[in-house]
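Architecture and fold: a report
Residues per chain, in single letters:
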Amino acid sequence: MSARILIVEDEEALCALLEYNLKEQGFDVRLCTNGEDAMNALKDEQPDLIILDWMLPHVSGIEICRQVRARPESRDVPIIMLTARGDEDDRIRGLDTGADDYMLKPFSMTELIARVRAVLRRARPTLAGDIATFGDIILDRETRRVRRADKEIHVGPTEFRLLDCLMQRPGRVYSREQLLDLVWGRDVYVEARTVDVHVGRLRKALNEGFDKDPIRTVRAAGYSLDETYANVSAG
Ligand code: CA
């Protein structure tokens, strides 16, 4: 699973360039070329980060930024503003309105991607890199290894993806159907009960030798990571 980025930019060439480069870095990208589309897109689904152009037709970037910050569901979504203006006043105004970072056009893609990663690392630590942590559990996507309190945990590939998925958003409850889509993929036909079997295996592997179960079963809803676990185990 990768971080979802919403790009709001009316220059088509720049849009295409951003989309290409961010997708290549493994990000899930959605594009909007004006402010109204962006506000509609935000009603559907919250991205993990917004790249927002200052100068947009109809609704300006600064206005979108204000609206994003005013809504409880999008208040915490990090925003990187793009602008052609170099004026210090505008820069400060952008940051005042709630942007997390600022890029002056023209910018290098390498620089933008570095900023995207930095902002995500602060706002969504589990999505930013190869290593995800939850309390004393560490999941390394590069080496495909899992550790809990310095003990190596051996999990199968499905259990690994399942844990990775749950660790992306601790506390969020995933239904069996959502887990099937995210872990097994939409095109694969698997019974919902299969999820229970693999959660069972993951629990067995994770919990051997430990008292606390970090996975929460939510009756009639699904599974999530128990947020209280992260607080307790992190001291
Ligand atoms: Ca523009």
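Residues numbered from 1 in each chain as written. Predicted model: local features only at pLDDT ≥ 70, side-chain atom pairs only at ≥ 80, totals over all residues. Heavy atoms only, no water.

**Considerations on the sheet that holds strand β8 (residues 145-148)**
Using the following cut-off: DSSP bridges decide pairing: two strands pair if at least two such bridges lie between them. Segments assigned H or I by DSSP are reported as helices when at least four residues long, segments assigned E as strands when at least two residues long, and all are numbered from the N terminus. Axes here mean lines fitted to C-alpha atoms, for a helix over just the part in contact, with angles spanning 0 to 180 degrees between N-to-C directions. The contact definition used throughout considers only heavy atoms, calling two residues in contact when any of these lie within 4.5 Å.
The strand order across the open sheet built from 4 strands is β6-β7-β8-β9, with neighbouring strands paired in antiparallel fashion. The open sheet is flanked by β6 (131-134) and β9 (151-153), the only strands paired with a single partner. Ignoring which end each strand starts from, the neighbouring axes of this sheet average 25° apart. Sheet topology places strand β7 (residues 137-140) next to β8; 4 bridges connect them, and they run antiparallel. Note on β8: the bridge partner recorded for I138 is R147. Together, β6, β7 and β8 form the strand contacts of helix α7 (residues 157-168), whose direction differs from that of β7 by roughly 115°. Each of β7, β8 and β9 touches helix α9 (residues 192-207); the most contacted strand, β8, lies at about 55° to it.

**Describing the pairing of β7**
Relative to β7, β6 runs antiparallel, the two sharing 4 bridges. Considered in β7, the bridge of A132 is made with L139. A loop of 2 residues connects β6 with β7, the two strands running antiparallel in sequence, and G135 in this loop sits at a positive phi of about 55°. In sequence, β7 turns back onto β8 through a hairpin of 4 residues, with R144 there showing a positive phi of about 55°.

**Quick look at the coordination of the calcium ion**
What counts here: Each metal's donors are the N, O and S atoms within 2.8 Å of it, or within 3.2 Å when it is Na, K or Ca, and because water is not part of the set, sites may look incomplete. Each residue gets one of three labels from its accessible area relative to the maximum for its type: buried under 20%, exposed over 50%, partly exposed in between, using a 1.4 Å probe on protein chains only.
Within the protein, the calcium ion binds to D10 (OD), D53 (OD) and M55 (O); these donor distances fall in the range 2.1 to 2.3 Å. For the calcium ion, all donor residues lie on one chain, and their spacing in sequence is D-x42-D-x1-M. Taken together, the positions of D10 in the loop between β1 (4-8) and α1 (12-24) and D53 in strand β3 (residues 49-53) put the pair 43 residues apart, joining distant regions of the chain. Here D10 falls in the partly exposed class, since its relative accessible area comes to 31%.

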